[in-house]
Amino acid sequence: MTATIDTAVLTAWILRFRDVIAEKQEWLTELDSAVGDADHGANMAGGMQAAAEKAQEGGAATADELLKAVGMTLVSSVGGASGPLYGTFFLRMGMAAGAVSQLDASALAAALRAGLDGVVARGKAEPGDKTMFDSMAPAVDALEAALADGASIAEATEAAATAAGTGRDATVPLVARKGRSSYLGERSAGHLDPGAASTALLFDALAAAIADASR
């Protein structure tokens, strides 16, 4: 079972996220049509295709180089709020990871925490605002808690994915306080937040990429 992940695993994560976003594009658009501009699926699919192409260009020998390239691509190619938020997540991850070719569990956790902090700084989201934060924060918390309990990197990312899904589902009854869905006021309750939905897919992809590398 792998104790570290390298740029190949990080690239596999990006490609898996691209694939699952493409697969779920219509669902994400349907979710966004209820509370937003109905463009989250298309925006994310286009952005992740561009990011995956950037990741596959090769060249990136270090985690920071790869993650920053992905982040910059998302910032420049995804419309709406998703590009700046996901872009900032990957940019901050890259900055925290540094110029290394391997990340151990604690380094991955620190990079993910930095990514989450970047999303908070950019979007000013708080718990219960009905945003991607409500999926991302529980995921990062769960990963850190699992590692503190002695879990492997694969087990910790699986715990993160589970927590992300739970956080996503918990957005349904919430009244949005941030983003375009907040314009709906009370009518935003009863709908799954599209940003939280795509964030859960992000952590599913991470767990799957690391599980594959651990086999």
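What counts, and at which threshold
Here the residue numbering is sequential within each chain, running from 1 through the sequence in written order. For this predicted model, a pLDDT threshold of at least 70 governs which residues receive local features, and a threshold of 80 or more governs which side-chain atom pairs are given and counted, while totals over whole chains, interfaces and linings are taken from all residues. As a convention, hydrogens and water are excluded, and side-chain values are obtained from all of the structure's heavy atoms. Any carboxyl oxygen of Asp or Glu within 4 Å of a side-chain nitrogen of Lys or Arg constitutes a salt bridge here. Numbering goes from the N terminus for both helices and strands, where a helix is a DSSP run of H or I of at least four residues and a strand is a run of E of at least two. Burial status follows relative accessibility: with a 1.4 Å probe on protein chains alone, a residue under 20% of its type maximum counts as buried, one over 50% as exposed, and anything between as partly exposed. Ring pairs are drawn from Phe, Tyr and Trp, using the six-membered ring of Trp, whenever the two centres fall within 6.5 Å, and their geometry is named by plane angle: stacked under 30 degrees, edge-to-face over 60, tilted for the rest. For every residue, the predictor states its confidence as a pLDDT score lying anywhere from 0 to 100. The contact definition used throughout considers only heavy atoms, calling two residues in contact when any of these lie within 4.5 Å. In this description, a nonpolar core means a group of buried Ala, Val, Leu, Ile, Met, Phe, Trp, Tyr and Cys residues linked to one another through side-chain atoms lying within 4.5 Å. By the counting rule applied here, Lys and Arg register as positive and Asp and Glu as negative, while His and the ends of each chain are not counted. Multiplying 1.5 Å by the helix residue count minus one yields the expected span of that helix. As used in this structure description, the phrase polar contact means that two N or O atoms lie within 3.5 Å; if the pair is within protein, one of them must be able to donate a hydrogen and the other to accept it, and residues adjacent in sequence are counted only when both atoms belong to side chains. Note on geometry: axes are C-alpha line fits, over the in-contact stretch for helices, and angles between N-to-C directions span 0 to 180 degrees. Angle categories: roughly parallel below 35 degrees, roughly antiparallel above 145, roughly perpendicular from 65 to 115, and oblique for all the rest. In this classification, the charged set is Asp, Glu, Lys and Arg, the nonpolar set is Ala, Val, Leu, Ile, Met, Phe, Trp, Tyr, Cys and Pro, and all remaining amino acids, among them Gly, are polar.

Q: I keep staring at the pattern of salt bridges and nothing clicks. Help me out?
A: Pairing between side chains of opposite charge can happen when the charged atoms of each approach one another. All chains considered together, the criterion is met by eight salt bridges. Across the salt bridge formed by aspartate 212 and arginine 16, the nearest N and O atoms sit 2.3 Å from each other. Of this pair, aspartate 212 sits in helix H9 (residues 194–214) while arginine 16 is found in helix H1 (residues 7–23), placing the two residues 196 residues apart along the sequence. Among the salt bridges present, the one from arginine 215 reaches aspartate 212, with a minimum N-O distance of 2.3 Å. The exposure class assigned to arginine 215 is exposed, which follows from its relative accessible area of 74%. With relative accessibility at 37%, the residue aspartate 212 sits in the partly exposed group. Connected through salt bridges with shared partners, the residues Arg16, Asp212 and Arg215 form a single ionic network.

Q: What am I meant to see in the packing of aromatic side chains here?
A: Note on aromatic pairs: each is described by the distance of the centres and the angle between the planes. Applying the stated rule across the entire model yields three aromatic pairs. With 5.2 Å between their ring centres and 75 degrees between their planes, phenylalanine 89 and phenylalanine 90 make a pair best called edge-to-face. Classification of phenylalanine 89 as buried rests on a relative accessible area of 0%. A relative accessible area of 0% places phenylalanine 90 in the buried class.

Q: It is not clear to me how the confidence of the model for the chain should be interpreted in this structure. Could you clarify?
A: Close inspection of predicted coordinates is inappropriate for parts of the model with low pLDDT. Confidence in the prediction of the chain, expressed as mean pLDDT, is 92, and 98% of residues score 70 or more. Of all the helices and strands in the chain, helix H2 (residues 25–35) carries the lowest mean pLDDT, 89, while helix H7 (residues 133–148) carries the highest, 98.

Q: Can you help me understand the environment of leucine 103 in this one?
A: Mapping leucine 103 onto the fold places it in strand S2 (residues 102–104). In this structure, the C-alpha to C-alpha distance between leucine 103 and aspartate 6, residues 97 residues apart in sequence, is 6.3 Å. Setting aside residues no more than four positions away along its own chain, leucine 103 makes contact with Ala3, Thr4, Ile5, Leu10, Ala63, Ala97 and Leu108.

Q: Explain unusual backbone geometry to me, please; I cannot follow it from the model alone.
A: What is expected of a backbone is that most residues other than glycine have negative phi and most peptide bonds are trans. Notably, lysine 124 is not glycine yet its phi reads approximately 55 degrees, a positive angle. Within the fold, lysine 124 resides in the loop between helix H6 (105–123) and H7. Residue classification places lysine 124 among the exposed residues on the basis of a relative accessible area of 53%. Of note, lysine 130 is a non-glycine position whose phi angle comes to about 70 degrees, a positive value. Here lysine 130 shows up in the loop between H6 and H7.

Q: Just checking my understanding: could you explain the nonpolar core for this structure?
A: Formed by 63 residues in total, the largest nonpolar core has its most connected members in Trp13, Phe17, Phe89, Phe90, Leu112 and Phe203. If you tally residues by element for this core, the top one is H9, at ten residues.

Q: Before we go on, may I ask you to explain the side chain of aspartate 64 in this structure?
A: Relative to the assigned elements, aspartate 64 resides in helix H4 (residues 63–77). Despite being buried, aspartate 64 has no salt bridge partner; lysine 68 is the closest side chain of opposite charge, sitting 4.2 Å away.

Q: I would appreciate a short explanation of H1 in the present structure.
A: Taking 1.5 Å as the rise per residue, H1 with 17 residues should run 24 Å; its terminal C-alpha atoms sit 24 Å apart, in good agreement. Sitting at the head of H1, aspartate 6 places a side-chain oxygen 3.1 Å from the backbone nitrogen of alanine 8.

Q: When you look at H9 in this model, what are you seeing that I'm missing?
A: Note: α-helices contain 3.6 residues per turn, so residues at a spacing of three or four share the same orientation. Helix length check: H9 (21 residues) gives 30 Å between terminal C-alpha atoms against 30 Å at 1.5 Å per residue, within 8%. Its side-chain oxygen 3.1 Å from the backbone nitrogen of glycine 195, aspartate 193 forms the N-cap of H9.

Q: Help me understand the side chain of threonine 7 in this model?
A: Note that threonine 7 resides in helix H1. In contact with threonine 7, other than residues within four places in its own chain, are Ala60, Ala61, Thr62, Ala63, Leu66 and Ser101.

Q: Would you explain the packing of H1 against helix H5 (residues 82–97) in this entry?
A: When two helices pack together, their arrangement is given by the angle between the helix axes and the distance between those axes. Packing of H1 against H5 brings their axes to within 14 Å, and their N-to-C directions diverge by 170 degrees. Considering their axes alone, H1 and H5 lie roughly antiparallel with respect to each other. Each of Trp13, Ile14 and Phe17 in H1 lies in contact with H5, whose residues at this interface are Tyr86, Phe89, Phe90 and Met93. Considered class by class, the residues forming the contact of H1 with H5 number seven nonpolar, no polar and no charged.

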